[in-house]
Amino acid sequence: MVGYWNLFWTFFKIGLFTFGGGAAMLPMLRSEVVEKNRWATDEELLDYYSIGQCTPGIIAINTATFVGYKLRGVTGAVLTTFGVVAPSVVIITLIASVLQNFMHNPYVSQAFVGIRIVVVALVAEAVVELWKKGVHGRIGLFIFALSLCSLVFFSLSPIAVILIASTTGLVYLKWGRK
Amino acid sequence: MIYLLLFWEFFKIGLLAIGGGLVTIPFLMELTEHYDWFSKQQLADMIAVSESTPGPIGVNMATYGGFNAAGIAGGLVATFGLVFPSLVVIVLISKYVMKYQSCATFQNILLGIRPAVLALILYAGCILAELAVTDIKSGFVCLVSFALVHHWHKLHPIIFILGGAVVGILFEL
């Protein structure tokens, strides 16, 4: 059984090293939750993302809550949620109260620019690694292409994209596969 | 009193904002019209700081907004308000997800959704790239870091993130 402190601390680290939104959290989440602790599989993580995308609240929190609940029920969910939020609360409070000029320091802003670039590379690598787990056969490729097109060319909302994908997948797997 | 109000307003944002952290921005914009917690100019600063500092953007903005309105306790209350709906909704949903995980139809739906989620993540990555890669120098750094990340993909992301900070300072990005 996973210890409470371990859960909190792991998600504290994930929150501390997430620079950006839900997608930027994925590399840390995979490294800590899937590879190091084996608390969930890559497939499960993708499922949590899809559900987190369609339910109230921001994705980063929803995914953290999901993993926490899976491991230790309601207490686990509370711990992972607070863990992922705690670094934000501390750092933003410090910046807003005493470090108002912190962001104007040239070294600090250069460091953050560098981090943001690396985060792009990390997210791209996460997509590459998850490809084998998430995209199967021609139908998988089709749904991927369809989703990407509807995002890029038609600016569909993520919820619409997920609804279309689930319908397509269900129809194909139920009646189309022969 | 202001704490109750803060909790309520951010609770509503947590409940109504569906998706990534940036979807909370229009809601925060609306707050500037009803309350004097922070101005539109301050909101612009909040977004900039929240995007680059550690932590999910949505959470950062809630803490910042709450702090601007009512100090440290305000930041705590606003963050808690934002997070609360997620906690309740996800706990309720999780029960059913775990229960139906072995159901064949549910599995089929998930098989269809996973490629779409990857497309969503890739798209989010492209938006991040648009913000981060602004010139030839940053584009070059991005390509090189992808090559390194791809080659040493077993290494912890923290190592690359810290490396990115060092490179940013050394190359004055």
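Not measured: the values here are computed from a predicted model.

Asks: Can you walk me through the state of the cysteines in this structure?
Replies: Cysteine pairs can be covalently joined through their sulfur atoms, and such a bond is termed a disulfide. One pass over the full model with this rule turns up 0 disulfides over all chains. In this structure Cys126(B) is not part of a disulfide, and its nearest cysteine sulfur, from Cys142(B), lies 10 Å away.

Asks: Quick question: what am I supposed to make of helix α7 (residues 158-176) of chain A here?
Replies: Taking 1.5 Å as the rise per residue, α7(A) with 19 residues should run 27 Å; its terminal C-alpha atoms sit 25 Å apart, in good agreement. Taken together, the buried positions of α7(A) are Val161(A), Ile162(A), Ala165(A), Ser166(A), Gly169(A) and Leu173(A). One side of α7(A) holds all its buried residues, which, seen down the axis, span an arc of 125 degrees. Those residues of α7(A) that are exposed and angled more than 90 degrees off the buried face are Leu163(A) and Trp175(A). Summarising the contacts, the buried residues of α7(A) are in contact with α3 (42-54) and α6 (137-152) of chain A together with α5 (104-132) of chain B.

Asks: Help me understand the interface of chain B and chain A, please; the structure alone is not making it clear to me.
Replies: Many structure descriptions define interface size as the accessible area lost when the parts assemble. On the chain A side, the residues contacting the 82 residues of chain B number 94 residues. Interface area for chain B against chain A, summed over the two sides, is near 8,000 Å², with a carbon-plus-sulfur share of 80%. Three residues, Arg114(B), Leu118(B) and Ile161(B), lead the burial of chain B against chain A; their summed loss comes to 8% of the area buried on that side. The interface formed by chain B and chain A holds 1 salt bridge in total. A salt bridge links Asp47(A) to Arg114(B); the shortest N-O distance between them is 2.8 Å. For the pair chain B and chain A, the number of links is 11 residue pairs in polar contact (both at pLDDT 80 or more). Looking at the side of chain B that touches chain A, the elements with two or more residues in it are α1 (2-16), β1 (18-19), α3 (40-52), β2 (55-56), α4 (57-100), α5, α6 (136-151) and α7 (157-170) of chain B. Class assignment for the residues of the side of chain B that touches chain A results in 52 nonpolar, 26 polar and 4 charged.

Asks: I keep staring at the environment of Glu30(B) and nothing clicks. Help me out?
Replies: Examined against the element boundaries, Glu30(B) turns out to sit in helix α2 (residues 25-34). Put simply, Glu30(B) and Lys40(B) are 10 residues apart on the chain and 9.6 Å apart in space, counted from C-alpha to C-alpha.

Procedures and definitions
- Residues numbered from 1 in each chain as written.
- Chains lettered and ligands numbered in written order.
- Predicted model: local features only at pLDDT ≥ 70, side-chain atom pairs only at ≥ 80, totals over all residues.
- Heavy atoms only, no water.
- Disulfide = S-S within 2.5 Å.
- Helix = DSSP H or I, 4+ residues; strand = E, 2+ residues; numbered from the N terminus.
- Expected span 1.5 Å × (residues − 1).
- Buried < 20%, exposed > 50% of the residue type's maximum accessible area, 1.4 Å probe, protein only.
- Arc of directions from axis to C-beta.
- Contact = heavy atoms within 4.5 Å.
- Buried area = accessible area lost by both parts, 1.4 Å probe.
- Salt bridge = Lys/Arg side-chain N within 4 Å of Asp/Glu carboxyl O.
- Polar contact = N/O pair within 3.5 Å; in protein donor to acceptor, adjacent residues only side chain to side chain.
- Nonpolar A, V, L, I, M, F, W, Y, C, P; charged D, E, K, R; others polar.

Note that all results are geometric; they support no functional claim without further evidence.
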